[in-house]
Amino acid sequence: MSDAISSDLDVDLKNAWSTDPVIFNALDREFNFSLDAAANDNNHKCDLYFTKENNALDEDWFFSMRYKPNKNAWVNPPYGKGYIKKFMEKAIEQKEKGVTTVLLVPSTLDAQWLPISEISEIRIVTGGRLSFYHPETNKKVNGNTKGSMFVIFRPSKMPCVVRLVDRNELISTGQIC
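On a predicted model such as this, the values are computed, not experimentally measured, just so you know. Starting from 1, residues in each chain are numbered consecutively following that chain's sequence as written. The predicted nature of this model means local features are confined to residues of pLDDT at least 70 and side-chain atom pairs, given and counted, to a pLDDT of 80 or more, with totals for whole chains, interfaces and linings taken over all residues. Think of the side-chain values as coming from all heavy atoms in the structure, minus any hydrogens and water.

(A) Structural view of the packing of helix H2 (residues 21-31) against helix H5 (residues 167-176). Between H2 and H5, the least distance of the axes is 7 Å, while the angle of their chain directions is 80°. As judged from the angle between their axes, H2 and H5 are roughly perpendicular. Facing Val22, Ile23, Asn25, Ala26, Leu27 and Arg29 of H2, the residues of H5 in contact are Leu170, Ile171, Thr173, Gly174, Gln175 and Ile176. Just so you know the grouping, Ala, Val, Leu, Ile, Met, Phe, Trp, Tyr, Cys and Pro go in nonpolar, Asp, Glu, Lys and Arg go in charged, and all remaining residues, Gly too, go in polar. Its residues placed into classes, the contact of H2 with H5 shows 7 nonpolar, 4 polar and 1 charged. Every axis in this analysis is a line fitted to C-alpha atoms, fitted for helices over the stretch in contact. Angles between the N-to-C directions lie between 0 and 180 degrees. A helix here means a DSSP run of H or I that spans at least four residues, while a strand means a run of E at least two residues long, and both kinds are numbered starting from the N terminus. An angle below 35 degrees is treated as roughly parallel, one above 145 as roughly antiparallel, one from 65 to 115 as roughly perpendicular, and anything else as oblique. Contacts are assigned to residue pairs that have any heavy atoms within 4.5 Å of one another.

Shown next as structure tokens:
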């Protein structure tokens with residue numbers, strides 16, 4: 001994703017790359033998300049979503065989903081300036097209230113922002129890199145410079161499980177929706 005670090009994008013746009021809807025659909029089939037906790041008005045994946053303006057890090061996700069049949073949150077956090085760590089911390093806070101959170105983050109198992117002892121599951125994407133949608137053009141951009149993984153926080157107390165998930169299987173599953 002060479003455009004991701006392009007100097008012609010301001011900081012807000014660099015942090016607004018959108019998840020491929022096919023990839024989201026694949027996870028949504030399993031989790032039936034009620035909340036997109038890191039979105040904007042143009043790229044949200046759920047009817048209920050938080051934008052930069054109504055900062056998800058200041059909100060109670062459980063309370064926001066109180067009328068939803070499940071308490072599952074999707075997060076493709078901004079990747080700049082410590083946001084991944086902040087969203088990980090928020091997911092830990094919310095799991096104590098009963099929220100399951102799935103975060104799409106760079107596949108970096110040795111990152112300091114990755115709280116292994118609090119995570120229920122890590123799914124490392126294999127077989128190729130995920131594409132994201134450009135924040136201005138909303139066009140799919142291939143060539144992501146890093147692999148991806150899904151970090152899952154569940155309310156239950158269980159040791160972290162690490163699994164591999166094939167990118168092409170995700171795409172096939174997401175296209176069925």
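(B) The sheet that holds strand S9 (residues 148-153), seen in detail. Should DSSP find at least two bridges between two strands, the strands are taken to pair. Read from one edge to the other, the open sheet built from 7 strands follows the order S3-S2-S4-S5-S9-S6-S10, with strand pairing classed as mixed. Edge positions in the open sheet fall to strand S3 (48-49) and strand S10 (161-166), since each of these has one partner strand only.

(C) Layout of the sheet that holds strand S1 (residues 18-19). Read from one edge to the other, the open sheet built from 3 strands follows the order S1-S7-S8, with strand pairing classed as antiparallel. Both outer strands of the open sheet, S1 and strand S8 (140-141), are each paired with one neighbouring strand and no more. Both strand S7 (residues 132-133) and S8 contribute to a ladder of 2 bridges, which runs antiparallel. Looking across to S8, one finds that Tyr133 is bridged to Lys140.

(D) Region of the structure containing the side chain of Ser120. In this structure, Ser120 sits in the loop between strand S5 (100-106) and strand S6 (121-126). The class for Ser120 is buried, based on a relative accessible area of 1%. Ser120 has contacts with Ile152, Phe153, Arg154, Ser156, Met158, Pro159, Cys160 and Val161, leaving out every residue within four places of it along the chain. Relative accessibility under 20% of the residue-type maximum defines a buried residue, over 50% an exposed one, and the middle range a partly exposed one, all with a 1.4 Å probe and only protein chains included.

(E) Structural view of the pairing of S9. The element S9 is extensively covered by neighbouring structure, given that 6 of its 6 residues are classed as buried. Of the two faces of S9, both are covered, the one formed by Ser148, Phe150 and Ile152 as well as the one formed by Met149, Val151 and Phe153. As judged from the 6 bridges shared by S5 and S9, these two strands associate in the antiparallel manner. Note on S9: the bridge partner recorded for Pro106 is Ser148. Relative to S9, S6 runs antiparallel, the two being bridged by 4 bridges. Bridge pairing in S9 links Ile122 to Val151.

(F) Summary view of the environment of Lys52. Note on placement: Lys52 falls in the loop between S3 and helix H3 (61-64). On the accessibility criterion, Lys52 (57% relative accessible area) is exposed. For the pair Lys52 and Asn40, spaced 12 residues apart in the sequence, the C-alpha separation amounts to 7.2 Å.

(G) Molecular detail of helix H4 (residues 83-95). A helix is expected to reach a length of 1.5 Å times the quantity of its residues less one. Along its 13 residues, H4 runs 18 Å from first to last C-alpha, staying within 8% of the 18 Å computed at 1.5 Å per residue. Residues of H4 that are buried include every one of Ile84, Phe87, Met88, Lys90, Ala91, Ile92, Gln94 and Lys95, and no others. Along its buried surface, H4 packs onto H3, strand S4 (72-75), S5 and S9.

(H) Focus on the packing of aromatic side chains. The criterion for an aromatic pair is that two Phe, Tyr or Trp rings (for Trp, the six-membered ring) have centres within 6.5 Å, with stacked assigned to planes under 30 degrees apart, edge-to-face to planes over 60 apart and tilted to the rest. Considering all chains together, one arrives at 5 aromatic pairs under this definition. Three or more aromatic residues joined by ring pairs make a cluster, and in this case those are Phe24, Phe31, Phe33, Trp74 and Phe150. Lysine NZ or arginine CZ positioned within 6 Å of the ring centre and within 35 degrees of the ring normal marks a charge as sitting over the ring. In this structure, Arg66 packs its charged tip against the face of Phe63, placed 3.8 Å from the ring centre. The ring of Phe62 carries the charged tip of Lys71 above its face, separated from the ring centre by 5.7 Å.

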